[in-house]
Amino acid sequence: MYFLNQRLAADVFDGEYIIANLDTGLYYSVQGAAVSLLHSLPFASENQVITVVSQAFPEQTEVIKEELTSIFKELISQDIIRRDENILLESGPECIAPTSYIPGRFNRYADMQDLLMLDPIHDVDENGWTVQSNNS
């Protein structure tokens, strides 16, 4: 089964998925038809989702299959989507194709990496905020 990496912060804004990896400071934007991949999680096979989206736009079938397959590979390689073969789904993905075709896009950004890595939440353990010692 494929699922969204639970270590990420993700939300949809105006039809665009914004995903932040607070461990690396990288953030991502997923747009257009590719949003269907993330909306359909969890799923057993990316082909199920790609087929539903491509069938909704028969004139764009080959283009959609190619772009969504490529974006799916990026989502896996960037550890946004993970796979666990030990978990089985009881039913297929709940994939709803978009109402209009907008080409899928996947963008990776590192421009705020230093700022995101400064976030003090990274320095919190189970006991709460870390205490900074003053060795003066």
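Residues numbered from 1 in each chain as written. Predicted model: local features only at pLDDT ≥ 70, side-chain atom pairs only at ≥ 80, totals over all residues. Heavy atoms only, no water.

**Focus: the packing of helix 2 (residues 46-56) against helix 3 (residues 61-77)**
Geometrically, a packed helix pair is captured by the angle between its two axes and the distance between the axes. Put simply, the test is: Structural elements are reduced to axes, namely lines fitted to C-alpha atoms, with helices fitted over the stretch in contact, and the angle between N-to-C directions of any two is expressed from 0 to 180 degrees. Segments assigned H or I by DSSP are reported as helices when at least four residues long, segments assigned E as strands when at least two residues long, and all are numbered from the N terminus. Here is the rule for handedness: rotate from the far helix to the near one, and if that takes an anticlockwise turn smaller than a right angle the crossing is left-handed, while a clockwise turn gives right-handed. Any two residues whose heavy atoms approach within 4.5 Å are treated as being in contact. Classification used: nonpolar for Ala, Val, Leu, Ile, Met, Phe, Trp, Tyr, Cys and Pro, charged for Asp, Glu, Lys and Arg, polar for all others including Gly.
Direction vectors running N to C along helix 2 and helix 3 enclose 145°, while the axes themselves pass 9 Å from each other. Relative to helix 3, the crossing made by helix 2 is right-handed. Between helix 2 and helix 3, the contacting residues are E46, I50, V53 and S54 on the first element and T61, I64, K65, L68, T69 and F72 on the second. In the contact of helix 2 with helix 3, the residues fall into 5 nonpolar, 3 polar and 2 charged.

**Description of the pairing of strand 2 (residues 8-13)**
Note the threshold: Only when DSSP finds a minimum of two bridges between them are two strands counted as paired.
Bridge analysis of strand 2 against strand 3 (residues 16-21) gives 6 bridges, and the strand direction is antiparallel. In the strand pairing of strand 3, D11 is matched with I18. What sits between strand 2 and strand 3 in their antiparallel hairpin is a turn of 2 residues, with D14 showing a positive phi close to 50°.

**A word on the confidence of the model for the chain**
Filter applied, for reference: The predictor rates its confidence in each residue with pLDDT, a number between 0 and 100.
Confidence in the prediction of the chain, expressed as mean pLDDT, is 82, and 78% of residues score 70 or more. Averaged pLDDT values over the elements of the chain bottom out at 60 in helix 4 (residues 113-117) and peak at 95 in helix 3. Throughout residues 129-134 the model reports pLDDT below 50, and contacts reaching past four residues in sequence, or to other chains, amount to 4 contacts.

**With respect to helix 2**
The line we're drawing: Exposure categories follow from relative accessible area, calculated using a 1.4 Å probe and restricted to protein chains: below 20% of the type maximum is buried, above 50% is exposed, and the middle band is partly exposed. Summarising the geometry, the arc corresponds to the directions from the helix axis toward the C-beta atoms. Within 3.5 Å is the distance limit for a polar contact, defined as a pair of N or O atoms, with the added protein rule that one can donate a hydrogen and the other accept it, and that residues adjacent in sequence qualify only through two side-chain atoms.
Within helix 2 the residues assigned to the buried category are E46, V49, I50, V53 and S54. Considered in projection along helix 2, the buried side chains sweep an arc of 125° and stay on one side of the axis. Of the surrounding secondary structure, the elements contacted by the buried residues of helix 2 are strand 1 (2-4), helix 1 (35-39) and helix 3. N-capping of helix 2 is provided by S45, with a side-chain oxygen placed 3.2 Å from the backbone N of N47.

**Looking at the sheet that holds strand 6 (residues 105-109)**
Ordered in space as 2-3-4-6, the 4 strands form an open sheet in which the pairing is antiparallel. One side of each edge strand has no neighbouring strand; the edge strands of this open sheet are strand 2 and strand 6. Across the sheet, the mean angle from the axis of one strand to that of its neighbour is 15°, orientation sign disregarded.

**Structural notes on the side chain of E46**
Where we set the bar: The convention is simple: Lys and Arg are positive, Asp and Glu are negative, and His and the chain ends are not counted. We define a salt bridge as a contact between a side-chain nitrogen of Lys or Arg and a carboxyl oxygen of Asp or Glu at a distance within 4 Å.
Tracing the chain through its elements places E46 in helix 2. Within the buried set, E46 has no salt-bridge partner at all; the shortest N-O distance to an opposite charge, 6.9 Å, is to R83. The residues touching E46, leaving out its near neighbours within four places in the chain, are Y2 and F72.

**Thoughts on the packing of aromatic side chains**
Let me state the cut-off plainly: Pairs were defined over the aromatic rings of Phe, Tyr and Trp, the Trp ring being its six-membered one, requiring ring centres within 6.5 Å. Orientation was assigned from the angle between planes: stacked under 30 degrees, edge-to-face over 60, tilted for the rest.
Going through the model one piece at a time under the given rule, you end up with 6 aromatic pairs. Ring plane angle 55° and centroid distance 5.8 Å describe the contact between F57 and Y101, whose orientation is recorded as tilted. Note that F57 is positioned in the loop between helix 2 and helix 3 and Y101 in the loop between strand 5 (81-83) and strand 6, a separation of 44 residues in sequence. You can call F57 buried: its relative accessible area is 8%. Cluster of aromatic residues (ring-pair linked, three or more members): Y2, F43 and F72.

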